[in-house]
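The chain contents come next:
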Amino acid sequence: MIFSLIWSILGMAAGVYIALELVIPTIDFGQEWLSYGRLRTLHTNAVIFGFGVTALMGTAFYSVQRTCHVELFSPRLAWFCIIAWQFTVLAGGISLLAGWNAGKEYAELEWPIDILIAVIWVCFGVVFFGTIAKRKVKPIYVSNWFYGALIIVIAMLHIVNSLAIPVTISKSYSLFAGAQDAVVQWWYGHNAVGFLLTGGFLGMLYYFLPKQADRPIWSYRLSIIAFWAFTYSYIWAGPHHLHYNAIPDWVQTLGMVMSIILLAPSWATMVNAVMTVSGAPQKLKTDHSLKFIVLALAFYGLATFEGPMMAIKSVNAVSHFTDWTVGHVHSGALGWNALITFGTFYFLVPRLFNTQLYSKRLADIHFWLAISGTMLYVLSMWGAGISQGLLWLALGDLGELSYGFREIMASMQPYYILRVIAGLVFLSGAVIMIYNFFRTIAGRKTATVQIPAPSTAPQQPVTA
Amino acid sequence: MNAIDIHRKLEENAGLLIFGILFVSAIGGLVQILPSIFQETVEPTAETRPYTAAELLGRDIYIREGCSTCHSQQVRPLLAEVIRYEAPAHAGESVYDRPFLWGSKRTGPDLSRVGEKYTDEWQRIHLVNPRAVVPKSIMPAYPWLERRKANSGNDVHLRMKALQRLGHPYTDEEITRAAADVAGMTELDAIVAYLQSLKIDTSVDPSEGGH
Ligand code: HEM
């Protein structure tokens, strides 16, 4: 019963993730020039809320049972969360294409969908904390702190930032205006990235990495310090999205300083994870799941170093508004979020279906496609972004602008073509993975007439 | 009892952990946001006024089409930027912006000072097909704006009423008149009206910088 519950939930999470991964980039490129403004919004919402949140919800339900040694608090409610979430993301996507857009980045969905999100989120929290409440081991494992922070903080951010007065079903006006709206929005925007795409996925890391490396977390103390420092300081960093904008200087400076400080807890976690793996180096050569997770860790380190650098005002003067930001986002999104999720799926699929991965060679190919796709994406955007930033600001001897905007825009074409190639490479890797999983699952059906009874005995938690 | 023991307590009590997370994560937001709500109320600059019915509809179309995924509306007080786009942004200029549209990406140029830079006619041609006036442009075409009525939802007065409730100084008379004001306008007319309204506020001393 537990077993089937878990695998179905995850199968679905994987299914949805697959569907979205396949669909998004295709639309993005097929119709980019047709209605870019709507599709781009769809892209960010689909990857963050569709792919990101579904993967987090699935793995949270999976790992919270294993670390608490009990079944989910309410399997039915868990099912409701997963299914209702898919429906909401789908409805949200359609509404964006239809032009329902509240106009705030990563919070574009209009008020009826915002309410659905809030309701499902509360259910998610009830299942998660309900499960923790009835746990059989006393300490709450580290991965659950991060998943817990994800649930609590996102609820807070979402509700405050979405406050608005509805006009019609598809239109509302924000309760905040102008500069104040900007500060609230980036408090939300930055921390949606922080607690969802960073913190949530760190929860994934803290469970699946030690599990797969078969080693306890290297330093328990470090994980405590990193967690609280992260939770405290992340929230302050939002204003680095508003450097040189019309908000008070002290807010900008505070945002900058806290962003730089943020490097410490971010890297503390990385050190902790790297030291954990280094206890089992031989596994790294043979285990695909671990390879993906470790590569994800490297990109995590890169992105969390780049972020604080970009938050320094003088660097930001060049990087802001350019493709550099887009490169930064994707070194995190592709390199960190997507790769760790792939690694986790390589771990879960054979386990849930009680079988072996269909092809290790295909997984290898996927690994290399994923690295090269991400690198090419990031490099092309660094090239594009840094040249945009510098050319926009370039002045001649007489203090006149050296280049017109349209001239600079036209010179971006080669970089944008490179990015398309990068996207295709990355995507083809993901398609290969899906094929591999498909064969893995199909193979199981024919091979095993009698599915061995899964052990319902709880597994050992990996606490230090 | 050392720090690790204290933390054990937290780890063993889900309620405490939830409270801890909420408390610790709330501090930063409170410090940064509350002052802007209670103390530093931003006053509109002398030339800043609420959008007219047509401009408001145009602005809402701008949001709907996601123009802000490519265009910022925020000139930073950097030398080259001020030469390129003119006067830096002032917080008082966006007090009637719900939501704010400062943007985060300039695939296209900043638009906060684009009003009256081009004629209405240029704007119309450019929106319907940017390549007609800027051959290498990578901006999308918006041919459907020309075909649709701006107030097709018949809700412009509701929009203004909602804003009035939020404190925008619309008179009741303006609101009753709104539908008649925009009668017959296409979406293209409305968005051009909005773009032309984005102008430098001459009442602001530019040396004041961004704030
Ligand atoms: C095949 C892979 C992908 C491709 C080709 C791709 C492409 C793009 C493009 C073209 C943009 C618009 C950039 C611009 O404004 O000029 C974008 C934005 C964005 N993408 Fe992706 N994307 C991919 C995967 C992902 C994934 C997996 C995530 C998240 C988990 C993600 C998150 C984002 C975010 C957050 C933005 C907004 C960036 C900003 O506001 O600066 N993308 N992407």
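Residues numbered from 1 in each chain as written. Chains lettered and ligands numbered in written order. Predicted model: local features only at pLDDT ≥ 70, side-chain atom pairs only at ≥ 80, totals over all residues. Heavy atoms only, no water.

Engineer: Tell me about the overall build of chain A, and please be specific about residues and values.
Structural biologist: A count of helices and strands for chain A gives 16 helices and 2 strands. By the burial criterion, 62% of the 464 residues in chain A qualify as buried. Carbon and sulfur atoms provide 71% of the accessible area of chain A, an area that totals close to 16900 Å². (Helix = DSSP H or I, 4+ residues; strand = E, 2+ residues; numbered from the N terminus. Buried < 20%, exposed > 50% of the residue type's maximum accessible area, 1.4 Å probe, protein only. Areas by Shrake-Rupley, 256 points an atom, 1.4 Å probe, with all protein chains shown as cover.)

Engineer: Can you explain the overall build of chain B? Please cite residues and give values.
Structural biologist: The helix and strand tally for chain B stands at 8 helices and 0 strands. Listed N to C, the secondary structure of chain B is α-α-α-α-α-α-α-α in terms of helices and strands. For chain B, restricting intrachain contacts to residue pairs at least 6 apart in sequence, the fraction spanning at least 24 positions comes to 77%. (Contact = heavy atoms within 4.5 Å.)

Engineer: A description of the side chain of A:Thr198 should follow, citing residues and the corresponding values.
Structural biologist: Relative to the helices and strands, A:Thr198 resides in helix α6 (residues 178-213). A:Thr198 has contacts with A:Val193, A:Phe230, A:Tyr234, A:Tyr300 and A:Trp336, leaving out every residue within four places of it along the chain.

Engineer: Account for empty space enclosed by the protein, naming residues and giving values.
Structural biologist: Empty space among the atoms becomes visible once a probe the size of a water molecule is rolled across them. Applying the stated criterion to the full structure yields 10 cavities of 30 Å³ or more. Each pocket or cavity is described by its volume, and for the largest cavity that value is around 220 Å³. As for the largest cavity, its lining consists of 19 residues, of which A:Gly103, A:Lys104, A:Glu105, B:Ser68 and B:Gly103 are closest to the centre. Going through the elements one at a time, α2 (32-68) and α6 of chain A are the ones with two or more residues in the lining of the largest cavity. When grouped by side-chain class, the residues that make up the lining of the largest cavity number 5 nonpolar, 9 polar and 5 charged. Taken as a whole, the second largest cavity encloses approximately 110 Å³ of empty space. (1 Å grid on protein atoms, 1.4 Å probe; cavity = no way out; pocket = protein on both sides within 12 Å on 5 of 7 lines; lining within 4 Å. Points joined across faces, edges and corners; volume = space filled by probe spheres on them. Nonpolar A, V, L, I, M, F, W, Y, C, P; charged D, E, K, R; others polar.)

Engineer: Go over the interface of chain A and chain B with me, naming the residues and quoting the values.
Structural biologist: Listed per partner, the contact involves 88 residues of chain A and 81 residues of chain B. Roughly 7400 Å² is buried in total at the junction of chain A and chain B, and carbon and sulfur atoms are behind 67% of that figure. For chain A, the biggest contributors to the area lost against chain B are A:Tyr173, A:Trp228 and A:Phe321; these three give 11% of the whole. Linking chain A with chain B are 1 salt bridge. A:Asp323 is the salt-bridge partner of B:Lys105, the closest N and O atoms lying 3.0 Å from each other. Applying the counting rule to chain A against chain B returns 10 residue pairs in polar contact (both at pLDDT 80 or more). Broken down by element, the side of chain A that touches chain B gets its largest block of residues, 10 residues, from α6(A). (Buried area = accessible area lost by both parts, 1.4 Å probe. Salt bridge = Lys/Arg side-chain N within 4 Å of Asp/Glu carboxyl O. Polar contact = N/O pair within 3.5 Å; in protein donor to acceptor, adjacent residues only side chain to side chain.)

Engineer: Lay out helix α8 (residues 249-261) of chain A in plain terms, naming residues and giving numbers.
Structural biologist: The α-helix advances 3.6 residues per turn, and as a result positions three or four apart in sequence lie on the same side. Taking 1.5 Å as the rise per residue, α8(A) with 13 residues should run 18 Å; its terminal C-alpha atoms sit 18 Å apart, in good agreement. If you check which residues of α8(A) are buried, you get A:Val251, A:Gln252, A:Gly255, A:Met256, A:Met258 and A:Ser259. (Expected span 1.5 Å × (residues − 1).)

Engineer: Let's hear about unusual backbone geometry: which residues, and what values?
Structural biologist: Residue and element names in this part refer to chain B. Across the junction of Arg98 and Pro99, the peptide omega takes the value -10°, indicating a cis bond. As for its placement among the helices and strands, Pro99 is situated in the loop between α4 (79-85) and α5 (120-128). With phi around 75°, Glu86 is a residue other than glycine that occupies positive phi space. Along the chain, Glu86 falls in the loop between α4 and α5. You will see that Asn154, though not glycine, has its phi angle at about 55°, which is positive.

Engineer: Describe the pattern of salt bridges, with residues and values.
Structural biologist: Summed over all chains, the structure comprises 17 salt bridges over all chains. It is possible to trace a salt-bridge network through shared partners that takes in B:Arg64, B:Glu65, B:Arg148 and B:Glu187.

Engineer: Hey, could you go over the site of the ligand for me, with residue numbers and the actual values?
Structural biologist: What surrounds the ligand is a group of 21 residues, the closest being A:Arg40, A:His43, A:Glu105, A:Tyr106 and A:His330. Two or more chains meet at the ligand, and those chains are chains A and B. Contacts to the ligand include A:His330, whose side-chain N or O atom sits 2.8 Å from a nitrogen atom. At 3.1 Å, a side-chain N or O of B:Lys105 approaches an oxygen atom of the ligand. Contributions of two or more residues to the shell around the ligand are made by α1 (2-30), α2, α13 (323-352) and α16 (413-447) of chain A. Broken down by class, the residue content of the shell around the ligand amounts to 10 nonpolar, 5 polar and 6 charged. (Near = heavy atom within 4 Å.)

Engineer: Report on the pairing of strand β1 (residues 164-168) of chain A, specifying residues and quantitative values.
Structural biologist: Residues and elements named next belong to chain A. Here β1 runs beside strand β2 (residues 171-174); their pairing, made up of 4 bridges, is antiparallel. Within the sheet, the bridge partner assigned to Pro166 lies in β2 and is Ser172. Between β1 and β2, which follow one another and run antiparallel, lie 2 residues. (Pairing = 2+ DSSP bridges.)

Engineer: Explain the packing of aromatic side chains to me, and be specific about the residues and the numbers.
Structural biologist: Two numbers describe a pair of aromatic rings. These are the distance of the centres and the angle of the planes. All names here are of chain A. Within this structure, the stated rule accounts for 22 aromatic pairs over all chains. Seen in terms of ring centroids, Trp121 and Phe124 are 5.4 Å apart; in terms of plane orientation they differ by 90°. Their pairing is edge-to-face. Of this pair, Trp121 and Phe124 both sit in helix α4 (residues 111-133), separated by 3 residues, roughly a single helical turn. Comparing Trp121 with Phe124 shows no difference in burial state: the two are buried. Every member of this aromatic cluster is reached through a ring pair, and the members are Phe292, Phe342, Tyr346, Phe367, Trp368, Phe426 and Phe437. For Arg66, the ring lying beneath its charged end belongs to Tyr62, and the centroid distance is 4.2 Å. Against the face of Phe367 rests Lys291, its NZ or CZ located 5.0 Å from the ring centre. (Phe/Tyr/Trp six-rings, centres within 6.5 Å; stacked < 30°, edge-to-face > 60°. Lys NZ or Arg CZ within 6 Å of the ring centre and 35° of its normal.)

Engineer: A description of a nonpolar patch on the surface should follow, citing residues and the corresponding values.
Structural biologist: There is a patch of nonpolar side chains on the surface, built from A:Phe73, A:Val122 and A:Val126 and spanning about 260 Å² of accessible area. Structurally, A:Phe73 is set in the loop between α2 and α3 (75-97). (Patch = residues over 30% accessible without salt bridge, like charges linked within 9 Å, V, L, I, M, F, W, Y side chains within 5 Å.)

Engineer: Could you give me a rundown of the confidence of the model for chain B, with the residues and numbers involved?
Structural biologist: When pLDDT is averaged along chain B, the result is 82, and 81% of the positions lie at 70 or above. Quick note on the complex model: pTM equals 0.85, ipTM equals 0.83. (pLDDT = per-residue confidence, 0-100.)

Engineer: Kindly report on the layout of surface pockets, identifying the contributing residues and their values.
Structural biologist: Each pocket or cavity is described by its volume, and for the second largest pocket that value is around 760 Å³. Elements with a minimum of two residues in the lining of the second largest pocket: α2 and α15 (405-410) of chain A together with α4, α5 and α8 (187-196) of chain B. In the lining of the second largest pocket, the residues fall into 21 nonpolar, 11 polar and 7 charged.

Engineer: Let's hear about the state of the cysteines: which residues, and what values?
Structural biologist: This model, assessed by the stated rule, comprises 0 disulfides over all chains. A:Cys81 takes part in no disulfide bond, and the closest cysteine sulfur, belonging to A:Cys123, lies 4.9 Å away. On the basis of relative accessible area, A:Cys81 is assigned to the buried category, the value being 0%. As a non-bridged cysteine, B:Cys67 has B:Cys70 as the owner of its nearest cysteine sulfur, 8.6 Å distant. (Disulfide = S-S within 2.5 Å.)

Engineer: Just give me the short version of the packing of helix α7 (residues 220-234) of chain A against helix α9 (residues 263-278) of chain A, but keep the residues and values in it.
Structural biologist: In a pair of packed helices, the angle between the axes and the distance between the axes together describe the arrangement. Residue and element names in this part refer to chain A. α9 packs onto α7 with a crossing angle of 150° between their chain directions and a minimal axis gap of 8 Å. By the angle between their directions, the pair α7 and α9 is classed as roughly antiparallel. The interaxial crossing formed by α7 with α9 has left-handed handedness. Each of Leu222, Ser223, Ala226, Ala229, Phe230 and Ser233 in α7 lies in contact with α9, whose residues at this interface are Pro265, Ala268, Thr269 and Asn272. (Axes fitted to C-alpha atoms, helices over the stretch in contact; angles between N-to-C directions. Parallel < 35°, antiparallel > 145°, perpendicular 65-115°, else oblique. Left-handed = near helix turned anticlockwise from the far one by under 90°.)

Engineer: Report on the packing of α6(A) against α7(A), specifying residues and quantitative values.
Structural biologist: Residues and elements named next belong to chain A. At a minimum axis separation of 11 Å, α6 and α7 run at an interaxial angle of 165°. As the angle between them shows, α6 and α7 are arranged roughly antiparallel. In the packing of α6 onto α7, the handedness of the crossing is left-handed. Facing His190, Asn191, Gly194, Phe195, Thr198, Gly199, Leu202 and Tyr206 of α6, the residues of α7 in contact are Ser223, Phe230, Thr231 and Tyr234. Split by residue class, the contact of α6 with α7 holds 5 nonpolar, 7 polar and no charged.

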